[in-house]
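One-letter residues, chain by chain:
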Amino acid sequence: MSRRVLVVGAGIGGLCLAHGLRQAGVDVVVHERDEKPAPRHRLRITPDGERAFRACLPPAVRDRFVATSMRYTKGMAAYDEHLVQQWEHHDEDDGNLDRVDAVDHRTLREVLLAGLGDVVRSGSSFDHHALTASGGVRAYFRDGTSDVGDVLVAADGTDSAVRAAWRPGDEPRDLGVRAIVSRIPMAKAIKGGLPEFMHDRFTSVVSSGGVSFGLLPMVFRPGADAEDYYTAVFNTHRAHLGIADDVLFGLPGAALREVLLNRTADWHPDLHGLFAHAEPAETHVLALRATAPGPAWGQGPVVPLGDAAHTMPLSGGAGANVAAQDAAALCRVLTMPGSLAEGLAGYQADVTRRGTAAIAESVRMAQASMRLDWEY
């Protein structure tokens, strides 16, 4: 069996798929638009997601995936803006030393890129595609080059250029929420007075003023040679924020930090003071979006993976895990004998089912703490 697979997008899902296919001897190439580093923030890894990563990755990469991860998070607690506790949940340590609870986004992408130097083509920006007479697909890129394969995988994220070409008008919906995401060095936060009960668990704050805030620890394993930190996620509706999008999305990190300080001026001092340690270079703003329920992408050699198929809000931390599950499922289809068309049809149904469930859960969790413009 000889197949050639074109992957557009060197994000987490696309790189996982490339590793799995390469291990199976499938000819695969990943076309990546640019080389900018991934954000430096924490990604939750679920048991299903961990199994999918392990299924795709070769032993050496799998070992680095574990070695650079956070093993165990003690649970979650929720408070109001005055640090009055609302509830808490304790996660028991199962004793599994290889357990992966969280990873750093940038570090994970660096780990996944390792060993794929001859597979990833940077500066390869997708423009359009055409089906071939043999049932495959040719992808054209903005530098004038093209590439041909049996399957074209859209792994190019929420603003997928492949999706725009294959399904014009099928865009994720804006939920109306703006999230300011930042990185806070753990040592500075603790030295600055972060309460001990917030040190080692996911802390959720829901204020009476229509704002939700999450503080998530990223504690690396010994030997990872990385600085422990917190990912801070500040969510509020654009109407409450009072800053027009064309202004907000043009603000540099230092100005976004000032927005955080201004919007939390009447919060408990231990929370308000935390934002003074936010790193401007790792502070950015996102519009929370979600894909509406819809049919699979249909018959043909163009298939989606990850956010290109099912964009979801940050709540729940499911995005990277579902992308890895997509990659593992598509890898199985592309490496098994039999009808490729039937296998891809089954994969499409699987992606739609898995993505719909994950989006619904993420939106439900978001609705519990913030106002949305749309109900799933």
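Residues numbered from 1 in each chain as written. Predicted model: local features only at pLDDT ≥ 70, side-chain atom pairs only at ≥ 80, totals over all residues. Heavy atoms only, no water.

S.K.: I'm lost on the pairing of strand β8 (residues 126–131) in this one. Help?
M.R.: As defined by bridge partners, β8 adjoins strand β9 (residues 137–141) across five bridges and the pair is classed as antiparallel. Residue pairing in the sheet places His129 in a bridge with Ala139 of β9. The turn linking β8 back onto β9 is made up of five residues, and Gly135 within it adopts a positive phi angle of 95 degrees. (Pairing = 2+ DSSP bridges. Helix = DSSP H or I, 4+ residues; strand = E, 2+ residues; numbered from the N terminus.)

S.K.: Sorry, what's going on with the pattern of salt bridges here?
M.R.: Opposite charge on two side chains makes pairing possible when the charged atoms of those side chains draw close. For the structure on display, the rule yields 30 salt bridges. Connected through salt bridges with shared partners, the residues Asp174, Arg178, Arg238, Asp245 and Asp373 form a single ionic network. (Salt bridge = Lys/Arg side-chain N within 4 Å of Asp/Glu carboxyl O.)

S.K.: So what exactly am I meant to see when it comes to the layout of surface pockets here?
M.R.: Space inside the second largest pocket adds up to approximately 270 Å³. Lining the second largest pocket are 24 residues, with Thr291, Ala292, Gly294, Pro295 and Ala309 positioned closest to its centre. Ranked by residues supplied to the lining of the second largest pocket, first place goes to helix α12 (residues 340–367) with six residues. Considering only residue class, the lining of the second largest pocket consists of twelve nonpolar, seven polar and five charged. (1 Å grid on protein atoms, 1.4 Å probe; cavity = no way out; pocket = protein on both sides within 12 Å on 5 of 7 lines; lining within 4 Å. Points joined across faces, edges and corners; volume = space filled by probe spheres on them. Nonpolar A, V, L, I, M, F, W, Y, C, P; charged D, E, K, R; others polar.)

S.K.: For this particular structure, what's the right way to read the sheet that holds strand β13 (residues 202–206)?
M.R.: Strand pairing in a sheet relies on backbone hydrogen bonds, with the paired strands running either antiparallel or parallel. What the seven strands build is an open sheet, ordered β5-β4-β13-β14-β15-β12-β16; its pairing is mixed. Looking at the sheet topology across the chains shown, the edges are occupied by β5 (85–90) and β16 (284–290). Neighbour to neighbour, the strand axes of the sheet diverge by 20 degrees on average, direction disregarded. In terms of strand pairing, strand β12 (residues 173–185) meets strand β15 (residues 229–237) through nine bridges, oriented antiparallel. Each bridged residue has a counterpart across the sheet, and for Ala179 the counterpart in β15 is Asn235. Packing of helix α9 (residues 253–263) onto the sheet brings it into contact with β12, β15 and β16, and relative to β12 it is tilted by some 100 degrees. (Axes fitted to C-alpha atoms, helices over the stretch in contact; angles between N-to-C directions. Contact = heavy atoms within 4.5 Å.)

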